[in-house]
Amino acid sequence: MLLDKVDPRQRAWVEVEPKAIEANALAIKNRLPQDCLLMAVVKADGYGHGAETVAKAALKGGADYLGVATLQEGIDLRQAGISCPILLLGNLIDSEELNACIDWELMPTISTENEAVLSQKLAQENDKKLSVHIKVDTGMTRLGCELKDASALITRVDNSSFLDLQGIYSHLALADGDFEGEGAKITFQQKQKFENLLNSLSLNSKPVLIHLANSAGTLRECNLNYDMVRVGIALYGYSPIGDLSKDLVLQPALAVKAKITLIREVSAGIGVSYGHKFITKRESRLAVVGIGYADGVGRALSGKISVLINGEFFPQVGAITMDQLVIDITGNTEIVVGSVVTLLGKDQDKYLSPFSWSNASGSIPWEILCAFKYRLPRVIV
Ligand SMILES: *Cc1c(COP(=O)(O)O)cnc(C)c1O
């Protein structure tokens, strides 16, 4: 028979553990006040883990809501049979998108008067009620309406017969940075601005979910929870605020693995890979691994990371190329062609974190996780 579907573990792959996601959702939910809802943020294909897998595991663990960035991400979850409330965190700009929200029962985020007017018009034409959340900018300076316009926008939506105001939210800009000094100051300014606005409102719609915190805001004990928190990175098992107190354990849910495709013995003084950025200092045993920057192992990591094989660390050497990279296994004779290399995740009692990559390349774990491409099959374990 003609081979048309390669074994997902043939070359390089991502392993995802839904049980870890479920446990993280449960652990986070258990720490929230009783009536505070948990939105699992599953945008960017569930931070590279597979949106459907993550969404289902998070809901099992007690998540109440899902958050995605794009219309397509929302539709994909609906097509996977997921029926919980889904909020689109990005902005929709045309009628086709907003009509699809009505059809698929997805909630758009409204940031402007124009968006509110258009949404209302489309809902009216469809003779349906469209549920929406309004976003207010309190200091992120990205999406969200200006604070001075917030009251009028909220009142318009609140009074509309065709829009159902389900939530009012804002987004923190500095909660996951260095929180000593500026981080705390700006975060509390945002909180204050948000609360001043909320206190000035008297709404017809009830209940309206108030939400502000991302993972960092949720994990810092700063009373940023309100009626719902929007948790992304922590759901996947990573703390954006450094060490957590012992009562909250998060389990990383992802591992990146690849196989060795060639082993070669070279003498001292040999240049390795593009640009010969690494020159062997001794007689060396080098192994080629079938994964590269086209799979999501950024070229900026060249020569700065280690990998794990059978519980032992080995350095990556030379430039990371599009489809492969080289590691130095000098001194080891047990590794063979076909041996499995762990680039991220656990191997025996050792562990490699996306933080080690982001620290090495000046990135952030969020970017590392969502960089894993279609070429890496997601294997559920
Ligand atoms: C991505 C996103 C989140 C989740 O952020 P994490 O830091 O990963 O928890 C929350 N809210 C909004 C608006 C987002 O875009």
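Residues numbered from 1 in each chain as written. Predicted model: local features only at pLDDT ≥ 70, side-chain atom pairs only at ≥ 80, totals over all residues. Heavy atoms only, no water.

### Describing the site of the ligand
- Around the ligand, 14 residues are found, and the nearest of them are Lys 43, Tyr 47, Ser 215, Arg 230 and Ile 233.
- Within the side chain of Tyr 47, an N or O atom sits 2.6 Å from an oxygen atom of the ligand.
- In isolation the ligand offers 390 Å² of accessible surface; the protein chains occlude 94% of this area.
- The cavity where the ligand resides is the largest pocket. (Near = heavy atom within 4 Å. Polar contact = N/O pair within 3.5 Å; in protein donor to acceptor, adjacent residues only side chain to side chain. Areas by Shrake-Rupley, 256 points an atom, 1.4 Å probe, with all protein chains shown as cover. 1 Å grid on protein atoms, 1.4 Å probe; cavity = no way out; pocket = protein on both sides within 12 Å on 5 of 7 lines; lining within 4 Å. Sits in = over half its atoms within 2 Å of the grid points.)

### Topic: the pairing of strand 3 (residues 65-68)
- Residues of strand 3 alternate between two faces, with Tyr 65 and Gly 67 on one and Leu 66 and Val 68 on the opposite face, all of them buried.
- With three bridges connecting them, strand 2 (residues 37-41) and strand 3 associate as parallel partners. Its bridge partner being in strand 3, Ala 40 is matched across the sheet by Leu 66.
- When strand 3 meets strand 4 (residues 86-88), the two strands line up parallel, connected through three bridges. Each residue of the ladder has a partner; that of Leu 66, found in strand 4, is Ile 86. (Buried < 20%, exposed > 50% of the residue type's maximum accessible area, 1.4 Å probe, protein only. Helix = DSSP H or I, 4+ residues; strand = E, 2+ residues; numbered from the N terminus. Pairing = 2+ DSSP bridges.)

### Notes on the domain arrangement of the protein
- Segmenting the protein into domains produces domain 1 (18-236) and domain 2 (254-380).
- Here the C-alpha centre of domain 2 lies 37 Å away from the C-alpha centre of domain 1.
- With eight residues of domain 1 at the contact, the number on the domain 2 side is seven residues.
- Here domain 1 packs against domain 2, burying approximately 790 Å² in sum over the two surfaces, 73% of which is carbon and sulfur.
- Applying the counting criterion to the domain 1 and domain 2 interface returns zero salt bridges.
- Applying the counting rule to domain 1 against domain 2 returns one residue pair in polar contact (both at pLDDT 80 or more).
- Of the residues in the side of domain 1 that touches domain 2, the class split is four nonpolar, three polar and one charged. (Domains from an automatic or database assignment. Contact = heavy atoms within 4.5 Å. Buried area = accessible area lost by both parts, 1.4 Å probe. Salt bridge = Lys/Arg side-chain N within 4 Å of Asp/Glu carboxyl O. Nonpolar A, V, L, I, M, F, W, Y, C, P; charged D, E, K, R; others polar.)

### Details of the nonpolar core
- Counting 112 residues, the largest nonpolar core has Ile 168, Ile 291, Ile 327 and Leu 343 as its most contacted members.
- When residues of this core are sorted by domain, at least three fall in each of domain 1 (18-236) and domain 2 (254-380).
- When near neighbours in sequence (up to four residues on either side) are disregarded, Leu 343 contacts Val 256, Lys 257, Ala 258, Ile 291, Val 297, Ser 306, Val 307, Leu 325, Leu 352 and Trp 357.
- Counting six residues, the second largest nonpolar core, distinct from the first, contains Val 272, Leu 286, Val 317 and Val 326. (Core = buried A, V, L, I, M, F, W, Y, C linked by side-chain atoms within 4.5 Å.)

### Looking at helix 3 (residues 51-60)
- When we look at burial in helix 3, the residues that qualify are Ala 51, Val 54, Ala 55, Ala 57 and Ala 58.
- Close packing links the buried residues of helix 3 with helix 1 (18-31), strand 2, helix 2 (43-47), strand 3 and helix 4 (71-79).
- Phi turns positive, to about 115°, at Gly 62, one or two residues after helix 3.

### Examining the layout of surface pockets
- The calculated volume of the largest pocket comes to roughly 510 Å³.
- Around the largest pocket, the lining is made up of 24 residues, and of these Lys 43, Arg 142, His 171, Asn 214 and Trp 366 lie nearest the centre.
- Among the secondary structure elements, those contributing two or more residues to the lining of the largest pocket are helix 2, helix 9 (215-219) and strand 9 (228-231).
- Along the lines of polarity and charge, the residues of the lining of the largest pocket split into 14 nonpolar, five polar and five charged. (Points joined across faces, edges and corners; volume = space filled by probe spheres on them.)

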